[in-house]
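These are the residues of each chain, in order.
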Amino acid sequence: MAPQGSPAPLEFGGPLGAAALMLLLPATMFHLLLAARSGPARLLGLPAPPPAGALWSPAAPLLWLSWLGLQAAFYLLPARKVAEGQELKDKSRLRYPINGFQALVLTALLVGLGVCAGLPLGMLTDMLLPLAAVATLAAFLFSLLLYLKALLAPASALAPGGNSGNPIYDFFLGRELNPRIGPLDCKYFCELRPGLIGWVLINLALLVQEAELRGSPSLAMWLVNGFQLLYVGDALWHEEAILTTMDITHDGFGFMLAFGDLAWVPFTYSLQAQFLLYHPQPLELPMASVICLVNAVGYYIFRGANSQKNTFRKNPSDPRVAGLETISTATGKQLLVSGWWGMVRHPNYLGDLIMALAWSLPCGVSHLLPYFYLLYFTALLVHREARDEQQCLRKYGLAWREYCRRVPYRIVPYVY
Ligand SMILES: NC(=O)C1=CN([C@@H]2O[C@H](COP(=O)(O)OP(=O)(O)OC[C@H]3O[C@@H](n4cnc5c(N)ncnc54)[C@H](OP(=O)(O)O)[C@@H]3O)[C@@H](O)[C@H]2O)C=CC1
Ligand SMILES: CC(C)CCC[C@@H](C)[C@H]1CC=C2C3=C(CC[C@@]21C)[C@@]1(C)CC[C@H](O)C[C@@H]1CC3
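Parameters at a glance
Residues numbered from 1 in each chain as written. Chains lettered and ligands numbered in written order. Predicted model: local features only at pLDDT ≥ 70, side-chain atom pairs only at ≥ 80, totals over all residues. Heavy atoms only, no water. Helix = DSSP H or I, 4+ residues; strand = E, 2+ residues; numbered from the N terminus. Rg over C-alpha atoms; globule rule 2.2 N^0.38 Å. Buried < 20%, exposed > 50% of the residue type's maximum accessible area, 1.4 Å probe, protein only. Contact = heavy atoms within 4.5 Å. 1 Å grid on protein atoms, 1.4 Å probe; cavity = no way out; pocket = protein on both sides within 12 Å on 5 of 7 lines; lining within 4 Å. Points joined across faces, edges and corners; volume = space filled by probe spheres on them. Nonpolar A, V, L, I, M, F, W, Y, C, P; charged D, E, K, R; others polar. Near = heavy atom within 4 Å. Polar contact = N/O pair within 3.5 Å; in protein donor to acceptor, adjacent residues only side chain to side chain. Areas by Shrake-Rupley, 256 points an atom, 1.4 Å probe, with all protein chains shown as cover. Domains from an automatic or database assignment.

Would you mind showing me how to read the overall build of the chain here?
When its secondary structure is counted, the chain shows 16 helices and six strands. Against the compact-globule benchmark of 22 Å for 416 residues, the chain has a radius of gyration of 22 Å, which places it among compact chains. Along the first, second and third principal axes, the C-alpha set of the chain runs to 60 × 50 × 45 Å. Residue burial in the chain is summarised as follows: out of 416 residues, 52% are buried. Sequence separation of at least 24 residues holds for 77% of the intrachain contacts in the chain that already meet a minimum separation of 6.

Mind showing me how you'd approach the layout of surface pockets here?
Regions of empty space are outlined by a rolling probe, equal in size to a water molecule, passed over the atoms. Volume-wise, the second largest pocket comes out at about 630 Å³. Only helix H2 (59-76), helix H3 (100-116), helix H7 (194-214) and helix H10 (255-268) provide two or more residues apiece to the lining of the second largest pocket. Broken down by element, the lining of the second largest pocket gets its largest block of residues, six residues, from H2. By residue class, the composition of the lining of the second largest pocket is 20 nonpolar, four polar and one charged.

Any chance you could explain the site of ligand 1 here in plain terms?
In the region of ligand 1, 25 residues are neighbours, and Tyr269, Tyr349, Asp352, Arg384 and Tyr396 sit closest. Tyrosine 373 is positioned with one of its side-chain polar atoms (N or O) 3.3 Å from a nitrogen atom of ligand 1. The protein chains hide 88% of the 930 Å² of surface that ligand 1 would expose on its own. Ranked by the residues each element gives to the shell around ligand 1, the list is headed by helix H15 (residues 372-396), at eight residues. Residue composition of the shell around ligand 1, grouped by class: 14 nonpolar, four polar and seven charged. Lining the shell around ligand 1 are residues from two domains, each supplying at least three of them: domain 1 (14-38 + 58-280) and domain 2 (284-416).

Below is the structure:
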């Protein structure tokens, strides 16, 4: 355990790891975008280079900025609820509008109206490369502004991790915990709105384009769109739960999250739908039903586990969780040791991974490319679980050790 007041240990391989990731992540994203549209669609191996000018369109910055502006305008609309975040170092709590689902519905209405008025939504698929380039550039510029803004922030506003003194590492991890521009909380806004809603919009554009090319969308395309819309809708419906994640409470807002939210999520999480547009896959109803069942099982575990913890954290005497077994900790908080959280230490990750499998299966088994998300997500969650473990050990000490003794598996029962 790190002693109180000592500098936070360096993560992600320190400055060298951070520098490598800042090059590798955008390179991987462009590789995936190009591979999805290439004939062999190989995950490993170089795709054909893009034709000259394919990465740039004068319309892309305009389109991307309009999208960001639209989502910011929806964020600023009156919300059904305003939630308070976790207590900060200076004992204050920030307030956050809970209107993400409203933003999704308003976006759907606007896009629906646009399509009825003749908006060529399918053409968005031709803009993916230039849009990804703009989003990447914007993430770099935005992170630079955030880095500079943090120079003026009081010490109490800085994140525990991203203030090592090494500019590359701090630029990557993010210095300020909750940077705000007026009423807009940059990290909270970016984590849920432009990228997540952008992801389902790109999926929809791919579905429309497939219908234009082949007469109707394929069953596989419907499944991928449906599953991922459910996932995004669920995240926005349960928006308040984001306020207790390590991204909001612990990590600063730097390149990792800015690029992750604005570029990585919309352009790589839509990879299965991109693959299906260029490589149609036959899918029969019986197989589709099995895949739906896999997604339903994953969602049941994911939602059950997340809701159980959120209900317990809000009110441990809630009848839905009051009967569960707990361990007391020195902080006054308790840890669940039965129910979903008694099965493994991260049941929500298990459900999420099962869903990730269901999103790839409609793409068949002839290519590895659509399974990229499952592979990346496994690595992300294993790493995230280890980071959370360290933070919980710091917070709960012996009580956490006791929890680990009672619930020995991390994500997959009897395996890991
Ligand atoms: N699609 C994507 O790219 C990503 C999806 N996700 C998903 O987002 C969701 C949130 O994930 P994440 O923020 O990583 O982590 P969790 O929701 O799993 O939260 C971890 C926290 O839960 C609390 N906790 C842990 N064990 C217990 C217990 N036994 N009893 C009560 N509280 C406990 C601790 O916080 P405390 O005690 O302080 O409350 C711990 O720090 C997950 O479903 C995950 O799968 C996450 C990352 C990326
Ligand atoms: C680019 C890097 C490899 C890492 C970037 C990480 C980000 C993409 C993710 C960090 C935590 C996230 C969460 C979600 C989306 C991905 C990012 C931003 C959710 C909003 C997805 C929906 C879930 O219901 C909640 C998740 C919270 C964390």
